[in-house]
Amino acid sequence: MSLIEASSGATNQIGRRSILKWGAVAGGGAALVGTGSYLGVLPGVGEANAAQLSPTNADKTVWSSCNVNCGSRCPLRMVVKDGQITRVLQDNTGDDSIGTQQIRACVRGRSIRQRIYNPDRLKTPMRRRPGTLRGEGKWDEITWDEAYEEIAQTLTRLIKDHGNESIYLNYGTGTLGGTITRSWPPAQTPVARLMNTIGGYLNHYGDYSSAQIAGAASHHYGGWIGSNSFDDAKNAKLQIMFGNNPLETRMSGGGETFVTQQTKKLHNVRTIVIDPRYSETAQNIADLWVANRPGTDAALVAGIAHTMITLGLHDQEFLDKYCVGFDEDHMPQGIPAGNSYKSYIMGQGPDGIEKTPEWAAQITGVPAAQIVQLGREIGAASPVAITQGWGPQRHANGENQARAIFTLAALTGSVGVPGGGTGEREGSFGLPMANPFATDNPVETSISVYGWTDAVERGPEMTALADGVRGKDKLGTGIKMIWQYAGNALVNQHGDINRTVKLLQDDTLCEMIVVIDNHMTVSARYADILLPDTTNAEQIDVIQQGSAGSMGYSIVADQVIEPLYNCKTTYEMMTGIAQKLGVEQEFTEGKTQEDWVRQVIDESRENIPELPQFDELREMGVWKVKGESRVALADFRTDPQANPLETPSGKIEIFSEALWNISHTWELPAGDKITALPEHIDTWEGPTEAKTNERFPLQVIGHHYKQRTHSSYGNVKWLADAHPQVVWVNTADASARGIANDDWVEVFNDRGRVQLQARVTARIAPGVLSVPQGAWFKPDAAGIDQGGSVNTLTSWHPSPIAKGNAQHTTLAQLKLA
Amino acid sequence: MTEQLGFLFDQSLCTGCKACSIACTDKHDLPEGVTWRRVAEYTGGTWQKDGDTFIPNVFTYYTSISCNQCVDPICVQVCPTTAMSEGEDGVVTIDQDKCVGCRYCEWACPYSAPQFNAETGHMSKCDMCADYRADGEDPACVAACPSRALDWGPIDELRAEHGDLAGVEPLPDPSITRPNLVIIPHRDAQPTGTGTGDIANPKEL
C-alpha cells in the first residue's frame, strides 16, 4: 500500500488571512464591450448605467427561454430598455417544492445576454470566397435573395444528378425545446419541412448523446424505456448512479439539479456515484464515490453480479418471470449451453473465465474488497434506484456497458416498482404537446448519426451489414450537400477534427455546405453559405418542457427584441428558398411563425385541456403542472403477459437472440465485437491497452462542463472567465510529469494536439484525463488546438452495434506545453 | 440601527456553478475583472494504491462569498475619505462622490469585497441589491441560485435558525472583521485554520 498525496501544492503557501486575496483581480481592464448599437455590444457598462437600467426604468419585461441541449429548458424574463435587453431575470413563479418549483436558470441561461449581443454573431448572409479552402475564413457578403437562389439551384442540380439521398441534414442541437425553431430531431426542423416538399433527404438515427444506450435498449428492453424520475428515488433504499451527473449535465434549478438535490436533502437516501471523476453530483449528494477506469462499467457489474450470485442476493424470482437469459433454464431455444449471463459470470461460458471480484478489480481499478462490498450492499437493499448517464455508453464497448447496468437493475428485481428503476437514464413527467409543424420524409434511408463523414468519403460503399445503413441494403450515393442548422457536429463535436477538416476541404466530395446559426462557430467556419439566424430572443416560439422530475411545463418564449443586424428566422429563410423552388404554399400553408405557435397551443389543448389558451399563456410566460413521479415499466411489472415489452420474447433480454444473430452476420472491423450478453469487452484504446501503450498511456474522457452546453455558449466571455477550459489530471500523473495546477500543458496523440491549462486534482482517477467536451477548436499556425477541443484527440471509429460515437475511448499523452 | 442584515450560505447545496456570480454581474453590469460574488473550490485528499487498484479519499466543496457587511468593516475603518459607510441595516456602501479610488479598502478587506472599477475610477462593492430589496425582492444572487444555497435576512434570525458558523476553509478567521454570514457547512468542510486542502481555482477568484 502506498499513499499518493493529492495536494497540488500550488496555492497552499498563501496565508489564510488572505482568502480570496490572490483572486483580487487587478480591477479595471477593458470594458466588457465597445460602444455603438448592434455591433456586438452590451448596452452600457458600469454602476451608473446599472442604476439607470433598474427594473423600474425598464420599458417592459418579456418572457423568453434558454433552449440549448442540456435536457432542461429554463424560462427567462428579459428586461428591455430602448429596444435592448438590459438584464435577465429568473422565473419568479412557483416555489421551492418538487412539482411546483421555480425553474431557475443555470449559469449559462444567466449569461444569455452575452450570447445574444455577441461579437461572434453572424450578421448577414455570406458565401465562401471562390478559390479559398473551407475553413480559411474568407467570405463575401451576399444578399438574402442571392443566398436563396444559389441554394435552390444547387439543391435542384444535386437532387437531379444524385437523388434526394445525397442531401443530408446533419445533427444539431443548438436550439431545442421549441417547435418551429427546433434543430433536433432533424425530422422536426424547418429544414426538414422544406426538404420534404421536394422529395426528402437522407436521415440519421441516434444522436451524439445517447446513440449506444438507445441501440442497447432496443435489444434489451425493446426500445427506449428511461428509468424512474429522480424524485421517485425517495422510495428507494439505495440510489446508484453510473456515470450520471445531473448536477453538471442538467444544471437547471428547476430541472434535475433541483430535483436530485431536494430529493436527497428531504429523504437522504444513501447514494453511490460510480464515475472516474469526482463530479459535482458525487461531491454534493454521494455517500460513496466509486472511481472505476473509463470503459469498465460492464466489468464492474460482472464483479458485483458474481458476489450477488455467490451469496444468493439476486432476485431469482424476478429474473425467472420477467427476463430471458439470466440462467440456463431461461434461454431462447436453439442456443448452445453455456451462454447465459450466470454461466458467463461463473466461468461456465465459452471463455471459461470466472468473473470474480478479483478479475473485475484488475480491469476496473476498483479493489476486489470494495466490489464485494458493493455486491453485498446492492443485494441487501430493495428497491434500488439505478440510473446511468451517457458517459458509460459513449465508449467502444458502450452498448454492452449500458446493457450491463440494465442487467444489474434486473438482478436487484427493482424494475417497474417505486424506488426502483431500469438502469437507464432517469425519466420525467412530460406533457403531450402537439407538433403540427412536422411532416414526413419521403426518403426512408438513414445512416447512423456518427456515419456522415464516412458517407461523404465513401457513401456508395456503405452497407447495412457493415455500416448500419437502414432502409436499404446499401447507400446509392455519397453525401453531396449538408445542411447544418444550429449545430456544431460538422466539425467541433464530431470525432477526429483534423481528419474531418481534411475531408471537408475536398469540395469535390460534399459539394455544398449550408450552415444556419447565430454565431461564427467552428462548424460555421467550414460552410460554403452562411445564413445568420435570429436568436430565440428575436422570435416567438412555444417551448415544450424540459426534464424536471414530476413537474410538467410549457413556455411561450415571446419575441423580446427586433432581429439584430440582417438576421432572419429560419422559418423566413426556408420560406425564401421554398419560394425559389416553387413550393412556398406547401411549406408555409399560408401561416406565419406566430400562426404556427398558436396552432401548437390550440392542438395541445386537445390533449391537455387545462393548458391555457395562447394569449393567456403568452401573458403568463410559463405554465406549470404538478404531474406524477415516473415509474418506468410499472405496467410490465404488474402484468407482463398483458403488457409485454417490444423485444422478440416480450421480456427483458439479458441474452438477446437478435444480437446473437447479428454477431454472426454483421461485418465488423478487426477488434470490434458484438455479444448477445452484456459482457465486458476489451477494446482498441481501452483501459487494458492503456496499461501497455507506452506512447499514449492515459485514458481521455470529456465531461460536460458548466461553461457550455456541448459547444453552445462556448464563446461567452463571462462563462469562459467563470469556468475556464482546463484538463483534469490526477495529482500523481501530474507530479510524474512535473506539472502543477494551472500550468499550460499539451495533451496529444497521433490524431492531434491540444494545449490548455491543467487542473491538477485528486478529483479524477489516476491514469485518466478529462478534457471538458465542447470547447471550440482553434488551431494555431502549427495545427495545435489552442481552444481545447477534446475532439482534436478522439476518433471516427464507431461502436459495433449502434455505429454510434465512442468518444470517451481515447488514449493520449500529457506533457508541459 | 435597524436590524443588521447578512447572508446565509448553505454550502451543502453549492455545486460551484456560479449562477450567483453571473446574476450579480448581469444585474450590476459589472465590467470585466470586477466580480462582487465569487466562488472558491476547496479540495484535497489522497488515493490509496493497492496493486492495480485504487481507493480515493477525496473531498471537495465550494464557498460562494460576496461582501459580508461585517460588524467590524475594516474597509470603512481604513477609508481615508470617509467614502465607505454603514447604513441603518449594517450594509456597507460607497459614496461615489467621496471615493478617490485609492484601493485601500480593497487591500484591507480579507475577503477582497471592495473592487476597483476602472470604468468609473471608483471602488465598487455588493450592497445586497439595495434597489431590489427596496422593491421587496431578493438580492440577485439569492434569487438566482439554482440550488437554493443562498438566502439573506436579519442576521439574528439567520443565526437563530442555522447557527453562527462563519469560518470554514478557505475563508479567513471570522474574528478579524466579524462577518454577517452564516454557513451551513458541507459534510467535508474544514474549520478555518485547520485545512488540509487547496483552492483549486485561484485564478477564478
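Residue numbers here run from 1 along each chain, matching the order of that chain's written sequence. Each chain gets a letter, beginning with A, and each ligand a number, beginning with 1, in the order they are written. Thresholds applied to this predicted model are a pLDDT of at least 70 for local features of residues and 80 or more for the giving and counting of side-chain atom pairs; totals over whole chains, interfaces and linings are not thresholded and use all residues. Each side-chain value is worked out from all heavy atoms of the structure, with water and hydrogens disregarded.

**Observations concerning the overall build of chain B**
Looking only at helices and strands, chain B has six helices and 10 strands in total. Put simply, the radius of gyration uses C-alpha atoms, and a globule should come to 2.2 Å times the residue count raised to 0.38. Its C-alpha atoms give chain B a radius of gyration of 18 Å, near enough to 17 Å, the size a compact globule of 205 residues would have. Over its C-alpha atoms, taken along the principal directions, chain B stretches across nearly 65 × 35 × 30 Å. When each of the 205 residues of chain B is scored for burial, the buried share is 64%. In what follows, a contact means two residues having at least one pair of non-hydrogen atoms within 4.5 Å. Excluding contacts between residues fewer than 6 apart, the proportion of contacts in chain B whose partners are at least 24 apart in sequence is 63%. Residues scored as positive are Lys and Arg, those scored as negative are Asp and Glu, and His as well as the terminal groups of each chain are ignored. Lysine's charge is taken at NZ, arginine's at CZ, aspartate's at CG and glutamate's at CD. Of the side chains in chain B, 14 bear a positive and 31 a negative charge, and the two mean positions are spaced by 4 Å. Secondary structure follows DSSP: runs of H or I at least 4 residues long count as helices, runs of E at least 2 residues long count as strands, and numbering of each begins at the N terminus. Exposure is judged per residue with a 1.4 Å probe applied to protein chains only, and the accessible area is read against the type maximum: over 50% gives exposed, under 20% gives buried, and values in between give partly exposed.

**Structural notes on the packing of aromatic side chains**
Aromatic pairs are defined between Phe, Tyr and Trp rings, using the six-membered ring for Trp, whenever the two ring centres lie within 6.5 Å; interplanar angles under 30 degrees are classed as stacked, those over 60 as edge-to-face, and all others as tilted. Going through the model one piece at a time under the given rule, you end up with 20 aromatic pairs over all chains. Each ring, one from tyrosine 42 of chain B and one from phenylalanine 59 of chain B, has its centre 6.1 Å from the other, and the planes form 40°; the classification is tilted. On the criterion of sequence distance, the pair formed by tyrosine 42 of chain B in strand E2 (residues 38-50) and phenylalanine 59 of chain B in strand E3 (residues 53-65) is long-range, its members being 17 residues apart. For the pair tyrosine 42 of chain B and phenylalanine 59 of chain B, one class covers both residues: buried. Linked through ring pairs, Tyr278 and Trp289 of chain A together with Trp47 and Phe54 of chain B together constitute an aromatic cluster. The ring of tyrosine 344 of chain A is capped by lysine 355 of chain A, whose NZ or CZ atom sits 3.8 Å from the centre of that ring. Either the NZ atom of lysine or the CZ atom of arginine qualifies as a charge over a ring when it sits within 6 Å of the ring centre and within 35 degrees of the ring normal. The lysine or arginine in question, lysine 591 of chain A, covers the ring of tryptophan 596 of chain A, its NZ or CZ lying 4.1 Å from the ring centre.

**Focus on a negative patch on the surface**
Residue and element names in this part refer to chain B. Grouping into patches uses exposed residues only, defined as over 30% relative accessible area, and leaves out salt-bridged ones; the cut-off is 9 Å for like charges and 5 Å for nonpolar side chains (Val, Leu, Ile, Met, Phe, Trp, Tyr). Accessibility throughout is a Shrake-Rupley quantity obtained with a 1.4 Å probe, and a residue counts as covered only by protein chains that appear here. What makes a salt bridge here is a side-chain nitrogen of Lys or Arg within 4 Å of a carboxyl oxygen of Asp or Glu, nothing more. A cluster of acidic side chains, namely Glu3, Asp135, Glu137, Asp138, Asp151, Asp156, Glu157 and Glu161, defines a negative patch on the protein surface. At three residues, the largest contribution of residues to the negative patch is made by helix H6 (residues 155-162). Here aspartate 156 shows up in helix H6. When its relative accessible area of 60% is taken as the criterion, aspartate 156 is described as exposed.

**A short note on the packing of helix H5 (residues 211-220) of chain A against helix H14 (residues 398-412) of chain A**
All names here are of chain A. Between H5 and H14, the least distance of the axes is 8 Å, while the angle of their chain directions is 55°. On the basis of the axis angle, H5 is oblique to H14. Crossing of H5 against H14: the hand is right-handed. On H14, the residues touching Gln212, Ile213, Ala216, Ala217 and His220 of H5 are Gly398, Glu399, Ala402, Arg403, Phe406 and Thr407. For the contact of H5 with H14, the residue count by class is five nonpolar, four polar and two charged. Axis definition: a line fitted to C-alpha atoms, over the contacting stretch in the case of helices. Angles run 0 to 180 degrees between N-to-C directions. Each angle gets one of four labels, with under 35 degrees taken as roughly parallel, over 145 as roughly antiparallel, 65 to 115 as roughly perpendicular, and the rest as oblique. In a left-handed crossing the near helix is turned counterclockwise from the far helix by less than a right angle, and in a right-handed crossing that turn is clockwise. The residue classification treats Ala, Val, Leu, Ile, Met, Phe, Trp, Tyr, Cys and Pro as nonpolar and Asp, Glu, Lys and Arg as charged. All others, Gly included, are polar.

**Quick word on the sheet that holds strand E7 (residues 167-169) of chain A**
All names here are of chain A. Pairing is mixed across the open sheet formed by six strands, whose spatial order is E6-E5-E17-E16-E15-E7. This sheet does not close on itself; its edge strands, each paired only once, are strand E6 (139-141) and E7. Between one strand axis and the next, the sheet turns through 20° on average, direction left out of account. In this sheet, strand E16 (residues 512-517) lies alongside strand E15 (residues 481-485) in parallel orientation, the contact comprising five bridges. Within the sheet, the bridge partner assigned to isoleucine 482 lies in E16 and is isoleucine 513. Sitting on the sheet, helix H3 (residues 144-162) touches strand E5 (126-128), E7, E15, E16 and strand E17 (529-532), and the angle it makes with E17 is about 130°. Strands were regarded as paired on the criterion that DSSP finds at least two bridges between them.

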